[in-house]
Structures are given as structure tokens and as C-alpha cells.
Amino acid sequence: NLLASPLAISKLKELRDQGYTVNFSQGLDLRLMTSEIASVLVDIKLSNLNFTRRQVYFAWDFMESESSVRQGLGTMLATGIYPRDIIVYILCGYDTTFEQDKYRFSILWKKFGVLPFVMLYNNTKDRQLRRFARWVNKRLYRSCSWEGYKG
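Parameters and conventions
- Residues numbered from 1 in each chain as written.
- Predicted model: local features only at pLDDT ≥ 70, side-chain atom pairs only at ≥ 80, totals over all residues.
- Heavy atoms only, no water.
- Helix = DSSP H or I, 4+ residues; strand = E, 2+ residues; numbered from the N terminus.
- Rg over C-alpha atoms; globule rule 2.2 N^0.38 Å.
- Buried < 20%, exposed > 50% of the residue type's maximum accessible area, 1.4 Å probe, protein only.
- Patch = residues over 30% accessible without salt bridge, like charges linked within 9 Å, V, L, I, M, F, W, Y side chains within 5 Å.
- Areas by Shrake-Rupley, 256 points an atom, 1.4 Å probe, with all protein chains shown as cover.
- Salt bridge = Lys/Arg side-chain N within 4 Å of Asp/Glu carboxyl O.
- Lys, Arg positive; Asp, Glu negative; His and termini not counted.
- Charge placed at Lys NZ, Arg CZ, Asp CG, Glu CD.
- Core = buried A, V, L, I, M, F, W, Y, C linked by side-chain atoms within 4.5 Å.
- Contact = heavy atoms within 4.5 Å.
- Pairing = 2+ DSSP bridges.
- Axes fitted to C-alpha atoms, helices over the stretch in contact; angles between N-to-C directions.

1. Section: the overall build of the protein
Now for step 1: Counting secondary structure elements, the protein contains five helices and six strands.
Now for step 2: Ordered by position in the sequence, the α and β elements of the protein form the string α-β-β-α-β-β-α-β-α-β-α.
Now for step 3: Relative to a compact globule of 151 residues, whose C-alpha radius of gyration would be 15 Å, the protein shows 16 Å and is just as compact.
Now for step 4: Across its three principal directions, the C-alpha atoms of the protein cover 50 × 30 × 25 Å.
Now for step 5: The burial tally for the protein puts 41% of its 151 residues in the buried class.

Encoded structure:
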């Protein structure tokens with residue numbers, strides 16, 4: 001977790017100053033986001049997994065992190081990064097109910113406009129969660145509601 005390091009800001013500045021293109025696919029910790037970190041992070045050449053477009057990844061694993069996740073996203077968006085450039089992993093099937101998983105999706109997509117991505121804990125066999133993961137990860141929510149999804 002890079003942001004947990006006492007050297008986080010200096011390492012981010014080094015990445016920025018060296019002009020590296022960086023992929024943080026493991027998901028940075030929004031709970032640790034500060035305006036100083038965000039202002040450096042936004043100036044880094046951030047990339048998706050294929051290095052084809054600007055993208056930064058974060059994670060929201062636990063419901064009790066909601067207020068710090070909201071605050072971290074607000075801080076990132078205030079620095080000028082576009083919501084479409086942010087993906088937030090949602091850990092599902094571990095210490096949350098299905099309703100809580102849907103709630104986190106709704107906050108990320110409807111409130112912040114960022115792209116959610118469901119990560120199923122331990123490759124769960126729960127059929128409803130697997131359907132939900134397909135609906136979210138294939139971005140089918142853009143064309144049909146969860147209630148209307150038959151997949």
C-alpha cells in the first residue's frame with residue numbers, strides 16, 4: 001500500500017518528475033487520500049492495465065470505510081481528475097450483505113460517477129453475486145437496471 005508509506009509523497013513526486021507512466025492496478029487506499037497526495041497523483045501519467053488510457057484504481061473493501069472513501073473520492077475529484085478516469089474495486093462476498101454491495105455500487109456510480117468494479121471474495125459461488133459482478137464489470141448498468149438484468 002504505497003499511500004501508507006511515510007515516503008508516499010516523495011515517491012509519487014519522483015514518479016511524476018521522472019515522467020513515468022504508472023499503473024496502480026492493485027488499488028490505492030482512498031482512506032489515506034489527502035489533498036497533498038491528490039495534487040501530486042493527478043499530475044502523474046496514470047494508466048490502465050494495457051497502458052492505453054488514463055486510469056487510476058482505488059479500493060473500497062469495507063462498509064465502515066464509507067466516510068473516508070467518500071472524502072478521498074471528493075478530494076481526488078476536486079484536484080481535477082475526471083470521474084471516468086477512476087475505477088474503484090468493491091470487495092463483495094466478504095463481511096458485507098448483498099444490499100451493502102449494491103449500495104456501494106450506487107454511491108460510486110450515481111453519486112461520484114466513477115467506475116465500480118466488483119471483486120468477488122475467494123471466487124464465491126453465490127449466483128446472485130456472480131450475476132451482480134457481471135452486470136457491474138461489463139458496465140451493463142449503463143443500459144439496463146439491476147432489476148431488469150436477466151444475465
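There's plenty left to go through after this.
2. Overview of a positive patch on the surface
Now for step 1: Judged by side-chain charge, Lys 125, Arg 127, Arg 130, Arg 134 and Lys 138 come together as a positively charged surface patch.
Now for step 2: Relative to the assigned elements, Arg 134 resides in helix 5 (residues 127-137).
Now for step 3: Using a relative accessible area of 34% as the deciding quantity, one classes Arg 134 as partly exposed.

3. Regarding the nonpolar core
Now for step 1: Within the largest apolar cluster, 44 residues are counted, with the highest numbers of intra-cluster contacts made by Leu 41, Phe 58, Leu 73, Ile 86 and Val 88.
Now for step 2: Sorting the residues of this core by element identifies helix 2 (35-41), strand 4 (56-60), helix 3 (66-78), strand 5 (86-92), helix 4 (98-111), strand 6 (115-120) and helix 5 as the ones contributing at least two each.
Now for step 3: Tallying contributions element by element places strand 5 first for this core, with six residues.
Now for step 4: Those residues in contact with Leu 41 that lie beyond four places of it in its chain are Leu 12, Phe 24, Leu 28, Met 33, Leu 46, Val 56, Phe 58 and Met 76.

4. Considering unusual backbone geometry
Now for step 1: The backbone phi angle of Phe 51 is positive, close to 55°, even though this residue is not glycine.
Now for step 2: In this structure, Phe 51 sits in the loop between strand 3 (45-46) and strand 4.
Now for step 3: Positioned with a positive phi, Arg 139 is a non-glycine residue whose angle comes to about 60°.
Now for step 4: A relative accessible area of 32% means that Arg 139 is categorised as partly exposed.

5. Description of the side chain of Ser 47
Now for step 1: Turning to its location among the elements, Ser 47 is positioned in the loop between strand 3 and strand 4.
Now for step 2: Ignoring anything within four residues of it in the chain, the contact list for Ser 47 reads Thr 21, Val 22, Asn 23, Thr 52, Arg 53, Arg 54, Gln 55 and Tyr 57.

6. A look at the sheet that holds strand 5
Now for step 1: Taking strand neighbours across the sheet as the criterion, the four strands line up as 2-4-5-6 in an open arrangement whose pairing is parallel. Edge positions in the open sheet fall to strand 2 (28-29) and strand 6, since each of these has one partner strand only.
Now for step 2: Two strands pair when backbone bridges link them, and strand 4 and strand 5 are joined in this way by five bridges, in the parallel orientation. By the bridge assignment, Ala 59 is partnered in strand 5 with Tyr 89.
Now for step 3: Against the sheet, helix 3 engages strand 4 and strand 5, with an angle of about 170° to strand 5.
Now for step 4: Contacting strand 5 and strand 6, helix 5 runs over the sheet at an angle of about 150° to strand 6.

7. Points about the environment of Gln 18
Now for step 1: Take Gln 18: it is sitting in helix 1 (residues 8-18).
Now for step 2: We classify Gln 18 as exposed; its relative accessible area is 52%.
Now for step 3: Between the alpha carbons of Gln 18 and Ile 44 there is a distance of 9.4 Å; along the sequence they are 26 residues apart.

8. As for the pattern of salt bridges
Now for step 1: This structure, assessed with the given rule, holds eight salt bridges.
Now for step 2: Here Arg 53 ties to Asp 85 by a salt bridge, and the two come within 3.4 Å at their closest N and O atoms. Here Arg 53 is found in the loop between strand 3 and strand 4, whereas its partner Asp 85 is found in the loop between helix 3 and strand 5, with 32 residues between them in sequence.
Now for step 3: A relative accessible area of 34% places Arg 53 in the partly exposed class.

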